[in-house]
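Below, each chain spelled out in residue letters.
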Amino acid sequence: PKYRGAAPIQWAVINGDAETGVTIMKMEAGLDTGPMVAVAKTAIGDTETAGQLFERLASLGATLLLDTLVDIAAGRAPFVPQNDAHASLAPMLKKDSGHLDFHKPAHLVSAHARGVDPWPGAFALLQGEPVKLFAPVVAQARAEFVGQVPGRVVAADKHGIHVACGEGVVSFQELQMPGRKRLPAQAVVAGRGIAAGAQLA
C-alpha cells in the first residue's frame, strides 16, 4: 500500500491521487509493512469524498478477501514484499485538519475538502468564525477570476460560492454558517449570509 497508518483513504483524497485501492497482506510487527497477497485498484472520482470512497473500498476489499482466502488456505498464495521506499505515512486526522489553505491550487483545495468529509469537515474562517464548506467543484476559468486574492469570494450565486485559490477557483455548493445548519449555498447567498468580496482565511 502507498499509505501506511490510520487514515490512508483520507490522505489519498487530500493529496489529489488519481487512484487508490485495497491490499490483502500478512500482518507483521511494523505498521502495515507485511508482504502483499493481493491488490485491487480503483480510480478516485473528481467529486468523491473520503466517506464515499470508504464505502466503495469496503466492498472492494471484502470481495478481494473472499477471492484470496482459498489460495491462502491452500498455501499457494504469493507473498510479495513491499517496497518501503514507495510508502508514505498517513497519520490520524485532527479536528483542525479540515482548515483549508486557499493559497494552494484549486484542485488541491477541492481534494482537501473532499478528503476531510465527513470528518473533521472542511472549514475556513470568515471574520474569525468558522464556516464549514461542502461539495467542492473546481470552477471553469472565467476572466473575472484571474488575479484574485486567495480566499476571496469572487462570486456567490445559485451554483455556490466561488473562492479564489493560488491557482484557479473552487466552488462550494453547500455551506454551514456559524451556529446554523448545513444548507445549499444558494440559500445562504439568498439569506445574505455570505457575498462576493468576503475574505476567507
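This text goes with the structure placed above it.
Reference entry: report on the structure contained in this document. (Residues numbered from 1 in each chain as written. Predicted model: local features only at pLDDT ≥ 70, side-chain atom pairs only at ≥ 80, totals over all residues. Heavy atoms only, no water.)

### Comments concerning unusual backbone geometry
What counts is decided by this rule: Where helices and strands are cited, they refer to DSSP runs of H or I of at least four residues and of E of at least two residues respectively, numbered from the N terminus. Residue exposure (1.4 Å probe, protein chains only): buried if accessible area is under 20% of the type maximum, exposed if over 50%, otherwise partly exposed.
A cis amide bond links Asp-117 with the next residue in sequence, Pro-118, at an omega value of 25 degrees. Residue Pro-120 is reached from Trp-119 by a cis peptide bond, and omega for that bond is 5 degrees. Residue placement: Pro-120 occurs in the loop between helix 3 (106-115) and strand 5 (122-126). For Gln-127, which is not glycine, the phi torsion reads 55 degrees and is therefore positive. Note on placement: Gln-127 falls in the loop between strand 5 and strand 6 (129-138). Taking the relative accessible area as the measure of exposure, Gln-127 reaches 80% and is therefore exposed. The phi dihedral of Ala-135 falls on the positive side, at around 55 degrees, and the residue is not glycine. Assignment of secondary structure puts Ala-135 in strand 6. Judged by its relative accessible area of 26%, Ala-135 falls in the partly exposed class.

### A closer look at helix 2 (residues 50-74)
The condition is simple: An expected span of 1.5 Å times one less than the residue number is assigned to each helix. At any given residue, the bend is defined as the angle formed between two axes, one fitted to the seven residues that end at that position and one fitted to the seven that begin there. Contacts are assigned to residue pairs that have any heavy atoms within 4.5 Å of one another.
Here helix 2 contains 25 residues, and its C-alpha end-to-end distance of 35 Å stays within 8% of the 36 Å for a straight helix at 1.5 Å per residue. Its axis deflected by about 35 degrees at Thr-68, helix 2 carries its strongest bend there. What helix 2 keeps buried is the set Ala-50, Leu-53, Leu-57, Gly-61, Leu-64 and Thr-68. Residues of helix 2 that are buried in the fold lie against helix 1 (8-14), strand 2 (19-25), strand 3 (36-43) and helix 3. Phi turns positive one or two residues past the end of helix 2, at Gly-75, with a value near 75 degrees.

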